[in-house]
Amino acid sequence: MKLANGKPRDLIIPVVVLICLVLGFMMYTGGFFEHHNISQTIGQMEGIRSMSYGFVVTILFTMVYMRIRKVGTAPELVSAAFVGVKSVLYAVFVLSLGWTLGNIAEGLGTADFMISVFQGNIPPAVTPAILFLICAAMTFAIGGGWTTFAIMIPIVVPFTVATGADLSLCLTAVIGGSGLGATCSPLADTSIVASTAAEISIIDHIKTQLPYSLVCGAIALIGYLVTGFSGSLLIGYVVVAALFIAAVIVMKKKWGASER
């Protein structure tokens, strides 16, 4: 395929089409066009089916679009499509296994078990911080943030509602903890790709970013605790911003001076 024929819109248009199609199929599988209720749609939508439909239709659209644009011949476009599908198979397998583990956890009553342990024993204000640490440790061990999402989010939502913790804060704790674990894990695909591209060992790559990741993780943990106890996002943001600025100044004095 002749790369010189490509334009920025050849990337932007398929991505926009994919996003619109996935959102449209989510609305369709959630029955939005029947009851016109967003909350009910979110509860009923089928994410896997919606993404599959959007993915397939986008591939077909992109091949037709590229052929009209004369970016490549039909055999070249088919070959490129297979290369693209092959590149995302790993993510598909990881997500599938994650959703499978999530369904197993749901069938075993993991959410009910967590509710029985936390309810009345641990203050709801501490719950986001605990979830942040659990998700960070889980993602560090398995190397997949999306897998952690698929396992933890179906558990966290009913658990949070039952224990009276802040739902949005707990969900952000799951996402933030997963991000921290993936950044620190030598098993994460991002770490493998980055170290391969830089032509260094993955352990050396982890060593270079581990101090910064742990500092940011500690600041985030304090932010979750402050927000949980104060009940104010504004106070949490102010504390996190102040700690982050202080950490940057300290790290610059410590490591910046040694680099000179």
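Counting starts from 1 at the beginning of each chain's written sequence and moves along it residue by residue. Residue-level local features of this predicted model are given only where pLDDT is at least 70; pairs of side-chain atoms are given and counted only at 80 or more, and the full residue set underlies all totals for whole chains, interfaces and linings. With hydrogens and water set aside, each side-chain value is computed from the structure's full complement of heavy atoms.

1. Observations concerning the confidence of the model for the protein chain
What counts, and what does not: pLDDT: the predictor's confidence for each residue, scored from 0 to 100. Secondary structure is summarised from DSSP: a helix means a run of H or I of at least four residues, a strand means a run of E of at least two, and numbering begins at the N terminus for each.
Per-residue pLDDT for the protein chain has a mean of 82; in total, 88% of the residues score no lower than 70. Ranking the elements of the protein chain by mean pLDDT puts helix 6 (residues 110-118) last with 70 and helix 1 (residues 8-29) first with 90.

2. A word on the packing of helix 1 against helix 4 (residues 47-69)
The following threshold applies: Think of each axis as a best-fit line through the C-alpha atoms, taken over the contacting stretch in the case of a helix, with angles from 0 to 180 degrees between the N-to-C directions. These descriptions rest on fixed angle ranges, namely under 35 degrees for roughly parallel, over 145 for roughly antiparallel, 65 to 115 for roughly perpendicular, and the rest for oblique. Two helices that cross are described as forming a left-handed crossing if the nearer one is turned anticlockwise from the farther one by less than a right angle, and a right-handed crossing if clockwise. Gly counts as polar in this scheme, as do all residues outside two lists: the nonpolar Ala, Val, Leu, Ile, Met, Phe, Trp, Tyr, Cys and Pro, and the charged Asp, Glu, Lys and Arg.
Direction vectors running N to C along helix 1 and helix 4 enclose 150°, while the axes themselves pass 8 Å from each other. Judged by the angle between their axes, helix 1 and helix 4 are roughly antiparallel. In this structure, helix 1 crosses over helix 4, and the sense of that crossing is right-handed. Its residues placed into classes, the contact of helix 1 with helix 4 shows 15 nonpolar, five polar and four charged.

3. With respect to the packing of helix 7 (residues 127-142) against helix 9 (residues 167-184)
Just so we agree on the cut-off: Contact criterion: two residues are considered in contact whenever any of their non-hydrogen atoms come within 4.5 Å of each other.
Between helix 7 and helix 9, the least distance of the axes is 7 Å, while the angle of their chain directions is 30°. On the basis of the axis angle, helix 7 is roughly parallel to helix 9. In this structure, helix 7 crosses over helix 9, and the sense of that crossing is right-handed. For the pair formed by helix 7 and helix 9, the contact residues are Thr127, Pro128, Leu131, Phe132, Cys135, Ala136, Thr139 and Phe140 on the first element and Leu169, Cys170, Ala173, Val174, Gly176, Gly177, Ser178, Leu180, Gly181, Ala182 and Cys184 on the second. Partitioning the contact of helix 7 with helix 9 into residue classes produces 13 nonpolar, six polar and no charged.

4. Details of the side chain of Thr62
Put simply, the rule is: In this scheme, a residue with accessible area under 20% of its type's maximum is buried, one over 50% is exposed, and one in between is partly exposed, where area comes from a 1.4 Å probe on protein chains only. We define a polar contact as two N or O atoms separated by no more than 3.5 Å, with the added condition that, inside protein, one atom must be a possible hydrogen donor and the other a possible acceptor, whereas residues neighbouring each other in sequence contribute only through side-chain atom pairs.
Tracing the sequence through the fold places Thr62 in helix 4. Relative accessible area serves as the criterion here: at 19%, Thr62 is assigned to the buried category. In this structure the side chain of Thr62 is engaged in a polar contact, spanning 2.7 Å, whose partner is the backbone oxygen of Thr58.

5. With respect to the pattern of salt bridges
Rules: Each reported salt bridge corresponds to a side-chain nitrogen of Lys or Arg within 4 Å of a carboxyl oxygen of Asp or Glu.
Under the defined criterion, the tally for this structure stands at one salt bridge. One salt bridge in this structure joins Arg69 and Asp10, with 2.9 Å as the shortest N-O distance. Taken together, the residues span a long stretch of sequence, with Arg69 in helix 4 and Asp10 in helix 1 at a distance of 59 residues. Here Asp10 falls in the buried class, since its relative accessible area comes to 6%.

6. Concerning the nonpolar core
The following threshold applies: Grouping buried Ala, Val, Leu, Ile, Met, Phe, Trp, Tyr and Cys residues that are joined through side-chain atoms within 4.5 Å yields what is termed a nonpolar core.
Counting residues in each nonpolar core, the largest one holds 18 residues, and the members touching the most others are Leu131, Met152, Val156, Val174 and Tyr224. Counting only elements with at least two residues in this core, the list comes to helix 7, helix 8 (145-163) and helix 9. Contact partners of Tyr224, with chain neighbours within four places excluded, come to Ala125, Pro128, Ala129, Phe132, Leu169, Thr172, Ala173 and Gly176.

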